[in-house]
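# Structural overview for review
Here is how the chains run, residue by residue.
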Amino acid sequence: MRACINFYILYIIYIFLILKSYLMADNNKFTPVVNDNCKNCGICVEFCPKGVLKMENGKLKVTNPEECIGCKICEKMCPDLAIEVKKKDHV
């Protein structure tokens, strides 16, 4: 039961972040930056609502940076703190 509640809370946060990013962010001004801490687990790929991140040959790749909406879900879900969503002018 507790795991179900935790999943529900996580899902609510996920939806909230997507809505927030659509309402407040300027699209096409963000890009995820992956650092050396990445262990290629793929969790971020599963949570990205726009498909910006993909696994290719067992490695994480930023394949569609122009689609990033700046929701930072990938950043928040990464267990290794290996992703940072930055504004394009700060990359």
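Look up a bit, the structure's there.
Notes on the structure follow. These numbers come from a predicted model, not from an experiment. (Residues numbered from 1 in each chain as written. Predicted model: local features only at pLDDT ≥ 70, side-chain atom pairs only at ≥ 80, totals over all residues. Heavy atoms only, no water.)

### A look at the overall build of the chain
The number of helices and strands found in the chain is three helices and four strands. When burial is assessed residue by residue, the chain has 30% of its 91 residues classed as buried. Nonlocal contacts in the chain, meaning residues at least 24 apart in sequence, comprise 61% of its contacts between residues at least 6 apart. Carbon and sulfur atoms make up 56% of the accessible area of the chain, which totals about 6,300 Å². (Helix = DSSP H or I, 4+ residues; strand = E, 2+ residues; numbered from the N terminus. Buried < 20%, exposed > 50% of the residue type's maximum accessible area, 1.4 Å probe, protein only. Contact = heavy atoms within 4.5 Å. Areas by Shrake-Rupley, 256 points an atom, 1.4 Å probe, with all protein chains shown as cover.)

### Comments concerning the pattern of salt bridges
Side chains that carry opposite charge are capable of pairing whenever their charged atoms lie near each other. A full pass over the atoms with the stated rule returns one salt bridge. A salt bridge links Lys 39 to Asp 80; its shortest N-O distance comes to 3.3 Å. Of the two residues, Lys 39 sits in the loop between β1 (30-34) and α2 (43-47) while Asp 80 sits in the loop between α3 (73-77) and β4 (83-87), which places them 41 residues apart along the sequence. (Salt bridge = Lys/Arg side-chain N within 4 Å of Asp/Glu carboxyl O.)

### Observations regarding the nonpolar core
Grouped together as the largest cluster of nonpolar side chains are 11 residues: Phe 30, Cys 44, Val 45, Cys 48, Val 52, Leu 53, Leu 60, Cys 68, Cys 74, Ile 83 and Val 85. Those elements giving two or more residues to this core turn out to be α2 and β4. Counting residues in each nonpolar core, the second largest holds six residues, with Tyr 14, Leu 17, Cys 71 and Ile 73 among its members. (Core = buried A, V, L, I, M, F, W, Y, C linked by side-chain atoms within 4.5 Å.)

### A short note on empty space enclosed by the protein
One pass over the full model with this rule turns up two cavities of 30 Å³ or more. A volume near 80 Å³ is recorded for the largest cavity. As for the largest cavity, its lining consists of 13 residues, and the residues nearest its centre are Cys 48, Pro 49, Cys 68, Cys 71 and Cys 74. Residues that form the lining of the largest cavity fall into these classes: 10 nonpolar, one polar and two charged. In this structure, the second largest cavity spans a volume of roughly 70 Å³. Counted by class, the lining of the second largest cavity contains nine nonpolar, two polar and two charged residues. (1 Å grid on protein atoms, 1.4 Å probe; cavity = no way out; pocket = protein on both sides within 12 Å on 5 of 7 lines; lining within 4 Å. Points joined across faces, edges and corners; volume = space filled by probe spheres on them. Nonpolar A, V, L, I, M, F, W, Y, C, P; charged D, E, K, R; others polar.)

### Looking at the pairing of strand β2 (residues 53-56)
Side-chain direction in a regular strand flips from residue to residue, so the side chains alternate between the two faces of the sheet. Pairing of β2 with strand β3 (residues 59-62), which is carried by four bridges, proceeds in the antiparallel orientation. Looking at β3, one finds that Glu 56 is bridged to Lys 59. Connecting β2 to the next strand, β3, in antiparallel fashion are two residues, including Asn 57 with a positive phi near 55°. (Pairing = 2+ DSSP bridges.)

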